[in-house]
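# Per-entry structural report
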Amino acid sequence: MRIQSILLVIAAVAGLVSCGPGAGKDTPPIWVFPDMKIQEKYKPQQESPLFSDRRASRKPVEGTVSREGYVEDEGYSLGIVSGQYVGKNPLELNQAVLAHGQKKFNTYCAPCHDRTASGGGIVGKRAGAAFQPADLHKPETKQKNDGELYSIASDGRRTMMGYRNQISNYDRWAVVAYLRALQRAKGATIDDVPENLRGEVR
Ligand code: HEC
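Reference entry: report on the structure contained in this document.

What counts, and where the lines are drawn
- Residues numbered from 1 in each chain as written.
- Predicted model: local features only at pLDDT ≥ 70, side-chain atom pairs only at ≥ 80, totals over all residues.
- Heavy atoms only, no water.
- Near = heavy atom within 4 Å.
- Polar contact = N/O pair within 3.5 Å; in protein donor to acceptor, adjacent residues only side chain to side chain.
- Helix = DSSP H or I, 4+ residues; strand = E, 2+ residues; numbered from the N terminus.
- Buried < 20%, exposed > 50% of the residue type's maximum accessible area, 1.4 Å probe, protein only.
- Contact = heavy atoms within 4.5 Å.
- Donors = N, O, S within 2.8 Å, 3.2 Å for Na, K, Ca; no water.
- Tetrahedral: all angles 85-135°; square planar, octahedral: opposite > 155°, others 65-115°.
- Core = buried A, V, L, I, M, F, W, Y, C linked by side-chain atoms within 4.5 Å.
- Axes fitted to C-alpha atoms, helices over the stretch in contact; angles between N-to-C directions.
- Parallel < 35°, antiparallel > 145°, perpendicular 65-115°, else oblique.
- Left-handed = near helix turned anticlockwise from the far one by under 90°.
- Nonpolar A, V, L, I, M, F, W, Y, C, P; charged D, E, K, R; others polar.

Bringing the site of the ligand into the picture now. Taken together, 22 residues are adjacent to the ligand, and Cys109, Cys112, His113, Thr141 and Met160 come closest. Between a nitrogen atom of the ligand and a side-chain N or O atom of His113, the distance comes to 2.8 Å. In this structure, an oxygen atom belonging to the ligand sits 2.6 Å away from a side-chain N or O atom of Thr141. Among the elements that take part in the shell around the ligand, helix α3 (residues 95–113) stands out by supplying four residues, more than any other.

Right, dumping it as structure tokens:
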């Protein structure tokens, strides 16, 4: 075969392969290598002759609950039972829970509320007047019950966004426990310290 005819064959094959669906053409070009451009599948809202109502997208089976919408224990996961905030933290309060809550508070809440919860975190300093983290030692915050604080940490309040998706249920309850400890500690006097430990307070 002469060199000219070899070049001709190469050019013809290259021409075919490079054919994609051209704009304005009624008939699709021949695809020598369709790769995965054409797949046997239904796209949303497409019709299907398989079902009598011709919908390719089927409705979920009756009673289906999305994983996001599944609530095992209303009080534990929302902090609200029949429209009322849960009064008391469901976690057993001990040193380990408080230490865990401290870790999570310092990670997730302190950037805005600062480590003492008085609202002086770095975010508020940079954000300006429109976004000022609350001082969590205010009487009206202290008066809120555990479920309401948990609900604020979960779903936010006014300009504060919620942290339900970043912090697990357990961790948010631990944060609430630690926040209570911070609130309790702020106005504490020497009478709050057990007598045998008073000598260690400086
Ligand atoms: C990105 C900043 C930011 C983070 C992070 C943040 N907050 Fe807030 N928080 C705010 C702002 C701002 C407000 C005031 C909302 C308003 O009044 O508009 C607020 C208000 C609150 C209040 C309501 C106080 C009241 O009585 O009105 C509580 C409780 C609270 N935050 C708890 C938390 C806890 C717990 C965390 C950590 C899980 C947290 N916040 C994380 C910005 C933040």
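Additional details are given in the paragraphs that follow.
Relative to the helices and strands, Gln183 resides in helix α7 (residues 169–186). Residue Gln183 is classed as buried on the basis of its relative accessible area of 4%. Among the polar contacts listed, one links the side chain of Gln183 to the side chain of Arg180, at a separation of 2.8 Å. Discounting residues that sit within four places of it in the chain, Gln183 has contacts with Leu136, His137, Thr141 and Lys142.

This brings us to the coordination of the iron atom of the ligand. His113 (NE2) and Met160 (SD) make up the full set of protein donors to the iron atom of the ligand, lying at 2.0 to 2.1 Å. Taken together, the six donor atoms surrounding the iron atom of the ligand define angles of 87 to 179° at the centre, an arrangement classified as octahedral. Note that His113 is positioned in helix α3 and Met160 in the loop between α6 (146–155) and α7, a separation of 47 residues in sequence. In this structure Met160 comes out as partly exposed when scored by relative accessible area, which is 25%.

Among the nonpolar cores identified, the biggest contains 17 residues, and Phe105, Ala117 and Leu179 are the most heavily contacted of them. Breaking this core down by element, the ones donating at least two residues are α3, α6 and α7. Every residue in contact with Leu179, bar those within four places of it in the chain, is listed here: Phe105, Ala117, Leu136 and Leu149.

What follows is about the packing of α6 against α7. Taken N-terminus to C-terminus, the directions of α6 and α7 make an angle of 125°; their axes are 9 Å apart at the nearest point. On the basis of their axis angle, the class for α6 and α7 is oblique. Taken as a pair, α6 and α7 cross one another with a handedness that is right-handed. Contacts between α6 and α7 involve Asp146, Gly147, Leu149, Tyr150, Ala153 and Ser154 from the first element and Asn169, Arg172, Trp173, Val176, Leu179 and Arg180 from the second. Each residue belonging to the contact of α6 with α7 can be placed in one class, and the counts come to six nonpolar, three polar and three charged.

Treat this as a map of the structure, not an account of what it does.
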